[in-house]
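Structural overview for review
In case you want the letters, here they are:
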Amino acid sequence: MALSDFYASNAHYKTRIVLKVRDSKGNAVHAAAAALDLIKNEKARAIIGPMTTMEASFVIDLGNEAHVPIISFSAPTPSLTSIQSSYFFQFAQNDSSRVKAISSIVKAFGWRQVVLIYMDTSYGEAIVPFLTDALEEIGARVAYRSVISPSATDDQIEKELYKLMTMQTRVFVVHLTTPLCSRVLSKSKAIGMMSVGYVWITTGGIPNGLKTMDDLSFLNSMDGVLGVETYVPVTKEYQEFIPRWHLQFLNDTANNFSANLDVFALWAYDAAHALAIAIEKVTWSASDIGFQKSDAAYNNLTDLVSFPVSQYGSKLCKALSTTSFHGISGDVRLVDRQLQSSTFKIVNINGGAARTIGLWPPKHKKLSSSKSKTTISNGNLQPIIWPGGSLSVPKGWVVPTNDKKLRIAVPQKVGFTEFVKITEDASGNIIDVSGFSIDVFKAAVEILPYALTYEFIPFVIGNGFHAGNNDDLCYQVSIGNFDAVVGDTTITGNRSLYVDFTMPYTEASIVMVVPVRDSNRKSAWAFLKPWRWDLWFTTACFFLLIGFVVWVLEHRINKHFRGPLSHQVGTSVWFSFSTMVFSQTARVVSNWARVVMIVWIFVLLVLTINYTASLTSLYTVRKLQPTVTDINDLVKNREKVGHVRHYVGDMLKTRGFDDSNLVKLTTVEEIDDALSNGRVAGVVDETPNLKLFLAKYCNKYIMAFPKGSPLLQDVSQAVLNVTGGEKIMKIEDKWFKKESNCQVLTTPNINSHGLGVDSFWVLFLLVAGASILALIIFIVSFVCRHKVTWSSEASIWKKIQKMLIIFNEKDQSCHTFNSKAKEDEMTVLSNYSPESSVHQNLNEGSSNSLSSGYGEQRAGSTDQAPAPLRVSAATPEFFITVQEIPSTPP
């Protein structure tokens, strides 16, 4: 049909393809014999149709020798491309291209392990490395490889399936031929492996051929299976071809029913089209028509090597490699003689039919899932009906059905047993395993939504001593001797290569512990420490500035700031510095001087409070400082350094420490002893060990699991739940509360450098601003009042001298100097009497007024308090105020 349709639409082509059909009977040897017959006897220019991988591998070698292109539309095995034959064309999508779709499904649902079931042939084995690599890229792995022989009996298949039932993993990827897959899935359903909790994913061969299957028992056994099928776009050409195919099938067969087409038939149709186009492209000549005998033919060897060599095979291959067009299976384009991968359909098989639930690759090449739905970036996956009719996403693993307990290895510790402690009886039997790490693990297991049975196994040798370090322990997990490790095992790059770690439940950085000393040793100059030198200097400068500003504003109107120059300077300086203790005696008269003093006193108050607080802390609080602050100082001085962990010692060697300067310590007591007697200058180790030594909370130790363990995600989430609540605090209090040897180290650390200008620059800026503003206003006002002097015709220098003289003079117009009587104001009370000489010196009118008023008050009623008598008299020298003092106390 392909050739008929092609030449019907391309009648002008000069070439025509004539098909010569041979039946291989599904046997590789028969296929090779048929190919040899076509090449030698029929002079075939190309061969289409090795059906299986084994057939194709035989025929490819023959085509390579005869320079005849071999075209396969049904052998998608990746191993065929490794033959590197320039005469082999794979018009089927390579199986290696669909493993990305399978790994995306695994990643979308969070599965960490899968079991690969494949056939023990080159077809089955070829996909293993590609699928393994694709899973490793997403953090998953193939937990077990189940190899099924094509000749396996039903009993052998059933035995293998029962073996798979005892494993944790419940995600199975099946890569088998259709007949063998039918037997495996039928047996799986019979023994209960197609029930709730199981996941079955098939590769391309089975979903692609599903339309042509008529085995109802096989179809019914596939309920809930996921498959990756080649996506064929429904184009106009495809829609026109299908009815013609059904009609042709009915005409050519005696059956009364039609047959569906799978994608292999569509690839066969497009392969014939591609070959017809390529042959038309080749430029023919008389020399190109025939075959040339090979060298082996002249040596009378067997027919297998004595066949002729095509003279135009290389040209035909070149033309076929560059052929591209839009076929009924989609876009046909070859790269390195392979059909390029197109979009895949993810199908869910139920009721004997495949239902499309999504496409891959999506727009952003990423599948994702949530609790409610699984989405692709350009649309949603349809609801999936899993095995057993369940709509819930399977977890992908379960506790093994044989009730096998998880073997949890715990390290045997000599020191720091607060993390892991193994208690044994007198006979060496384990009584209990306890500790901080153990309690965290137990708390996490309690949160898991399923029961997890386990047993703790000490990592020890026969005499009870530890069997190795944590590196050895992790290695034992990776080779399967243990299922997990619980203890103070640190994440390192080397260990993470062969084990996976849960989320950390403490902080595990490398820290250093050194002896401490009190840096607040009392000295004669300790009073200077609260402030840095820049603050001392700035404060002194501002004292002088304030004294100068006040003198400028006050010396013309305030008698306290007048007198000889030395007196004025001394008074100004004394006045300014006396504000430090708020003991200034002189009053300021100018309003602007008062503004400046208000701001300055506020700033001084803040400075004084801070100085007092810092000085108090300096004399009363112990200030602990480390004797060493930089590990490089220890390297430079060749000091001895202690450590607990082996890998920390290796790390210190890379930092420049000599092996002779490293001291291995095992217990808290050893660390204390080594630091106290000076055997080591410091101890470098993990945060939890040293925080336990310092009586602080421990922060970051982890539990290790085998690489790709399905438990990892659940236990990590449980660890996060434990560490995010109150339970972790209770566990910490249980194991670390009694340790308090170094609580003194929690004393607040006082700033060792003191306070500086940077802490108060805003206040100093405020004082400076107020002072400058006051000076500017004073100068402008002074110049304006004496503008006559300034506007005279004298020289500038004379004007400045005159202004300075005026500035140094007393301002007689000020209210403080406008009357000597007001300056010497006094109150006359104690020396007052009616007969005093003051009365005699007053004029007569005043005396009469005084006597008369006074007499009237005396003559008044004794029941009424006498009214005060006020007399004022002014002379050029005195201003006198007199008030009567009652003779009888009120």
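Read on for an overview of the structure. Every chain's residues receive numbers from 1 upward, in the order its sequence appears when written. Reporting of local features is limited, given that this is a predicted model, to residues whose pLDDT is at least 70; pairs of side-chain atoms are given and counted only at 80 or more, and all residues count toward the totals for whole chains, interfaces and linings. Side-chain calculation: all heavy atoms of the structure are included, whereas hydrogens and water are not.

1. Focus: a negative patch on the surface
Defined as follows: Surface patches are defined over residues having more than 30% relative accessible area and no salt bridge, joining like charges when they lie within 9 Å and nonpolar side chains (Val, Leu, Ile, Met, Phe, Trp, Tyr) when within 5 Å. Each accessible area value is a Shrake-Rupley result obtained with a 1.4 Å probe; residue values ignore everything except the protein chains displayed when judging cover. Any carboxyl oxygen of Asp or Glu within 4 Å of a side-chain nitrogen of Lys or Arg constitutes a salt bridge here. In this count, Lys and Arg are taken as positive residues and Asp and Glu as negative ones, while His and the chain termini are left out. Note on charges: their place is set at NZ of Lys, CZ of Arg, CG of Asp or CD of Glu. Remark: exposure states derive from per-residue accessible area (1.4 Å probe, protein chains only) relative to the maximum for the residue type, with buried under 20%, exposed over 50%, and partly exposed in between.
Side chains of E669, E670, D672 and D673 sit close together on the surface and give a patch of like negative charge. Relative accessible area serves as the criterion here: at 58%, E669 is assigned to the exposed category.

2. A closer look at the sheet that holds strand β30 (residues 682–686)
Rule in force here: What makes two strands pair is DSSP finding at least two bridges between them. Secondary structure is summarised from DSSP: a helix means a run of H or I of at least four residues, a strand means a run of E of at least two, and numbering begins at the N terminus for each. Fitted lines through C-alpha atoms serve as axes, helices being fitted only where they are in contact, and the angles separating the N-to-C directions of these axes extend from 0 to 180 degrees. Two residues qualify as a contact provided that any one of their heavy atoms is within 4.5 Å of a heavy atom in the partner residue.
The mixed open sheet is built from four strands, whose spatial order is β25-β30-β28-β29. The open sheet is flanked by β25 (510–513) and β29 (662–664), the only strands paired with a single partner. With strand direction ignored, the average angle separating the axes of adjacent strands in the sheet is 30°. Judged from the four bridges that link them, β25 and β30 form a sheet pairing that is antiparallel. What sits directly across from V511, in β30, is D685. Helix-sheet contacts for helix α21 (residues 646–654) involve β25, β28 (641–643), β29 and β30, and the interaxial angle to β30 is about 120°.

3. Some thoughts on the nonpolar core
Note the threshold: By nonpolar core we mean a set of buried residues, namely Ala, Val, Leu, Ile, Met, Phe, Trp, Tyr and Cys, connected to one another through side-chain atoms within 4.5 Å.
Membership of the largest hydrophobic core comes to 44 residues, with the highest contact counts inside it found for F91 and L316. Within the residue set of this core, elements represented by two or more residues are α1 (2–9), α11 (236–252), α12 (263–281), α14 (313–321) and β12 (330–335). The element best represented in this core is α12, accounting for 13 residues. Apart from residues lying up to four places away in sequence, F91 is in contact with I71, S72, F73, W267, D270, A271, A274, V332, L334 and L339. Grouped together as the second largest cluster of nonpolar side chains are 41 residues, L406, V410, V668 and I671 included.

4. A word on a nonpolar patch on the surface
On the surface, L544, L565, V569, V573, F577, M580 and V581 cluster together into a nonpolar patch covering about 630 Å² of accessible area. Per element, the largest residue contribution to the nonpolar patch is four residues, and it comes from helix α18 (residues 565–578). Its place among the elements puts L565 in helix α18.

5. Let's talk about the sheet that holds strand β4 (residues 113–119)
Reading across the sheet, the seven strands line up as β5-β4-β6-β7-β8-β14-β15 and stay open at both edges, with mixed pairing between neighbours. The open sheet has two free edges, formed respectively by β5 (141–148) and β15 (353–360), since each of these has just one partner strand. The sheet shows a mean angle of 25° between the axes of neighbouring strands, taken without regard to direction. Inspection of the sheet shows strand β7 (residues 199–202) paired to strand β8 (residues 225–230) by two bridges, in the parallel sense.

6. With respect to the pattern of salt bridges
Going through the model one piece at a time under the given rule, you end up with 16 salt bridges. The shortest N-O distance in the salt bridge between D659 and K653 comes to 3.2 Å. Residue class for D659 comes out exposed when judged on its relative accessible area of 54%. Residue K653 is classed as partly exposed on the basis of its relative accessible area of 41%. Linked by salt bridges that have partners in common, R22, D37 and E42 make up one network.

7. Some remarks on helix α3 (residues 53–66)
Selection criterion: Working rule for helices: expected span equals 1.5 Å times residues minus one.
Between its terminal C-alpha atoms α3 stretches 20 Å, which fits the 20 Å expected from 14 residues at 1.5 Å a residue. Listing the buried residues of α3 in full gives T53, E55, A56, V59, I60, L62, G63 and A66. Lining the buried residues of α3 we find α2 (28–40), β1 (47–48), β2 (70–72), β3 (88–90), α5 (122–125) and β10 (309–310). H67 occupies a position one or two residues after α3 and carries a positive phi of about 60°.

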